[in-house]
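# Observations on chain architecture
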Amino acid sequence: MIDPAIASETARRRTFAIISHPDAGKTTLTEKLLLYGGAIGLAGSVTANKRQRDTSSDWMELEKKRGISISSTVLQFDYDGFRLNLLDTPGHKDFSEDTYRVLMAVDAVVMVIDAGKGIETQTRKLFEICRKRGIPIFTFMNKLDRPSRPLLGLMDELEKVLNLKAYPINWPLGNGPDFKGVYDRREKQVHIFERLGKGAFRAPVSVHDLSDPFVKSNLHESVYKEVVEELEILDATQGTFDLAQVLSGKQTPVFFGSAANNFGVELLLKGFLEFSTGPAPRNSFNGLVPVANPAFSAFVFKVQTNMNPLHRDKVVFVRICSGKFMRNIVVKHARTGEDIKLSDSHNIFGRDREIVNEAYPGDIVGFVTKNDLRIGDTITEDLNIVYGEIPTFAPESFAFLENAVTSGYKAFRKGMDHLLAENIVQSFQLRTPKNSMPLLGAVGPLQYEVLQYRLKDEYGAESNLNPMPWKILRWVESLPEAQLLPILPNGAGLALDNQDRLVMLFPTDWSLKYFKEVHPTVVLADSPSVKNYQPT
């Protein structure tokens, strides 16, 4: 039975992430979307004096010191009748696994590209994850207040490098110091922006016809002529805007602007809401689950400890997929079959919290809990609704982390238990060579730096990092441990992951290739097979 009240509330939800290469302006754009959505009154990342506010999304001390996002953050706000769940993700490649998990929880993404640099490595990698899921992609060409690459060339790069049809919804009037506004191609209107307050407040805007003398007077003659010529080329070569192609991830609406100066941000927000759709049905092991299914269901995509350092709490973030959440609802934990009462529920805005009494499909809710909820787990009222695990990716850097001070072992052990539950890094138990300590695996070394920093900052535990020589990990899907031991090559390792799945560790790509040539019947995978939890 479909619940019309759930369907109505779900339809106004928009759950999306912002992805980009580092320094493309992702966190700044996040701030400005919150500014235009009324969630904050002043854009914290652009106030220039020493009393500068911290950005609302980058709340951890290490993020503030480094000036980068290293942990995904959930930000919720209302705009024009819509409820938006915005997930700000890390841009640095060492934290890409956190971003991959977040992309499993969203219905669309905004891809931020530095117009002066074009498509960069990390943007391409994140885009490929979106393509595999068929996620709608909205592109924001940022930093037009600085000199940009040729604009038509940027459109060509989108289509050739990403194999993605690009349709500019608007077009910039100049770039660098000459950037004065954008031309809305659908409405055939010019939006002239006024620089004010270093981008801390909404940019004043006036709307005109392209032939308006006011527009011509604000642009250099050469810039105006170039804009007119480029618009003619676009009309002749870009084809039509196809919403169905957008929603299937095959065409991207492109918006231009400067997040730092608030130019084009509101047009992006309005365009996103116009062209995106509400949450879609999700696949479970037993088929498609409609969002208006009356049975509540959700999956865990993020775990964060010590968001409130005074209480050493653990917050589990879930994406609601069906039904209606009501505070104090009792649900089943699909992996264990246990009953869980969801009472301590919150909307999380940076470090700030607001109690949630009800929520709907598409919403992201954080639960303060001591239950053994892990990333990928399903919580549900109906055990026939169980969602697949979030993919696990093979780490490329391995190390042991050792307690540095004997008297601090208890704090070290407690900190490791808490932080490993977040999946900051993956953990493995070596079978050969034997070692009782957990082997840590990371995408990149900066993850270890974060782990060590947080151990010291949050638990007072000093640690020493002992890197290991392995560079490649593969899950074994065809042989048990006893049969692998006799054929394990020199320099390789054998371990179990945190779900007791067998993995092999190789020091070089050559050693992996040689092993596969000698033992072609051993099936190795760069991500583990998804398990189906059977209802109990």
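Quick note: structure is the one above.
Below is a summary of the structure that appears in this document. Quick caveat, the model's predicted, so the values are computed rather than measured.

Right, let's get into the environment of glutamine 304. Of note, glutamine 304 is situated in strand 14 (residues 297-305). Its relative accessible area of 1% is what places glutamine 304 among the buried residues. In sequence terms glutamine 304 and histidine 418 are 114 residues apart; their C-alpha atoms lie 8.9 Å from each other.

This part is about helix 5 (residues 121-133). For helix 5, which comprises 13 residues, the first-to-last C-alpha distance of 19 Å matches the rise-based estimate of 18 Å (1.5 Å per residue) to within 8%. Turning to helix 5, its buried residues are Gln122, Thr123, Leu126, Phe127, Ile129 and Cys130. The buried residues of helix 5 all sit within an arc of 155° when viewed along its axis, so they share a single face. Once helix 5 ends, the next one or two residues include glycine 134, with phi positive near 65°.

Where helix 2 (residues 26-36) contacts helix 10 (residues 265-275), the axes come no closer than 10 Å and their chain directions differ by 75°. Classed by the angle they form, the pair helix 2 and helix 10 counts as roughly perpendicular. Of helix 10, the residues touching helix 2 (which contributes Leu29, Lys32, Leu33 and Tyr36) are Val265, Glu266, Leu268 and Leu269. Within the contact of helix 2 with helix 10, the residues separate by chemical class into 6 nonpolar, no polar and 2 charged.

Overall, antiparallel pairing links the 8 strands, which are arranged 27-24-26-25-29-30-28-31 in an open sheet. Pairing within the sheet leaves two strands with one partner each, and these edge strands are strand 27 (463-467) and strand 31 (524-525). Pairing of strand 28 (residues 472-476) with strand 30 (residues 502-506), which is carried by 4 bridges, proceeds in the antiparallel orientation. Residue leucine 473 lies in a different strand from strand 30, and its bridge partner there is leucine 505. Lying over the sheet, helix 11 (residues 409-420) contacts strand 24 (397-403), strand 25 (426-432), strand 26 (438-442) and strand 27, oriented at roughly 145° with respect to strand 24.

Our focus in this paragraph is the pattern of salt bridges. Under the criterion given, the structure shown has 24 salt bridges. We note a salt bridge from glutamate 274 to arginine 186, for which the minimum N-O separation is 3.2 Å. With glutamate 274 in helix 10 and arginine 186 in the loop between strand 8 (181-184) and strand 9 (189-193), this residue pair connects regions lying 88 residues apart in the sequence. Overall, glutamate 274 belongs to the partly exposed group, its relative accessible area being 47%. Here aspartate 339 and lysine 332 are joined by a salt bridge, their closest N and O atoms 3.0 Å apart.

Cut-off values and rules
- Residues numbered from 1 in each chain as written.
- Predicted model: local features only at pLDDT ≥ 70, side-chain atom pairs only at ≥ 80, totals over all residues.
- Heavy atoms only, no water.
- Helix = DSSP H or I, 4+ residues; strand = E, 2+ residues; numbered from the N terminus.
- Buried < 20%, exposed > 50% of the residue type's maximum accessible area, 1.4 Å probe, protein only.
- Expected span 1.5 Å × (residues − 1).
- Arc of directions from axis to C-beta.
- Axes fitted to C-alpha atoms, helices over the stretch in contact; angles between N-to-C directions.
- Parallel < 35°, antiparallel > 145°, perpendicular 65-115°, else oblique.
- Contact = heavy atoms within 4.5 Å.
- Nonpolar A, V, L, I, M, F, W, Y, C, P; charged D, E, K, R; others polar.
- Pairing = 2+ DSSP bridges.
- Salt bridge = Lys/Arg side-chain N within 4 Å of Asp/Glu carboxyl O.

All quantities given are derived from atomic positions and should not be read as evidence of function.
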